[in-house]
Amino acid sequence: MLSIAPFDGHLGATVTGVDTSKPLSDGDFGQILAAIGRYGLVRFPDQKLTPEQQRAFSVRYGTVPPIRGRLAKFVAPG
């Protein structure tokens, strides 16, 4: 079951109870999107995603801009 817990005294929240390597239900997607709007930042601890799974998860939230600079070496091709 999806759970969203705000950080104590800090920006953001932790999302648990969801497997981000699989497609999200519309309800879970909506709750996470609302949490992003409310907390500005969300984190998903203990997830194991391939680059393709991470791309599929991320693109549902909007366009993923190219990563440049020092972090570019950590990005999968394409």
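Residues numbered from 1 in each chain as written. Predicted model: local features only at pLDDT ≥ 70, side-chain atom pairs only at ≥ 80, totals over all residues. Heavy atoms only, no water.

1. Examining the side chain of S21
So, step 1. With respect to the element layout, S21 can be found in the loop between strand 2 (13-16) and helix 1 (26-39).
So, step 2. Looking at S21, its side chain comes within polar contact range of the side chain of D19, at 2.6 Å. (Helix = DSSP H or I, 4+ residues; strand = E, 2+ residues; numbered from the N terminus. Polar contact = N/O pair within 3.5 Å; in protein donor to acceptor, adjacent residues only side chain to side chain.)

2. Topic: the side chain of T14
So, step 1. Structurally, T14 is set in strand 2.
So, step 2. When its relative accessible area of 13% is taken as the criterion, T14 is described as buried.
So, step 3. A polar contact is formed between the side chain of T14 and the side chain of R43, at a distance of 3.0 Å.
So, step 4. With residues near it in sequence (within four places) discarded, T14 still touches S3, I4, A5, F7, R43 and P45. (Buried < 20%, exposed > 50% of the residue type's maximum accessible area, 1.4 Å probe, protein only. Contact = heavy atoms within 4.5 Å.)

3. Describing helix 1
So, step 1. Under the 1.5 Å per step criterion, the end-to-end length of helix 1 is 20 Å for 14 residues, consistent within 8% with the ideal 20 Å.
So, step 2. Looking at the buried positions of helix 1, the neighbouring elements they touch are strand 1 (3-6), strand 2 and strand 3 (42-43). (Expected span 1.5 Å × (residues − 1).)

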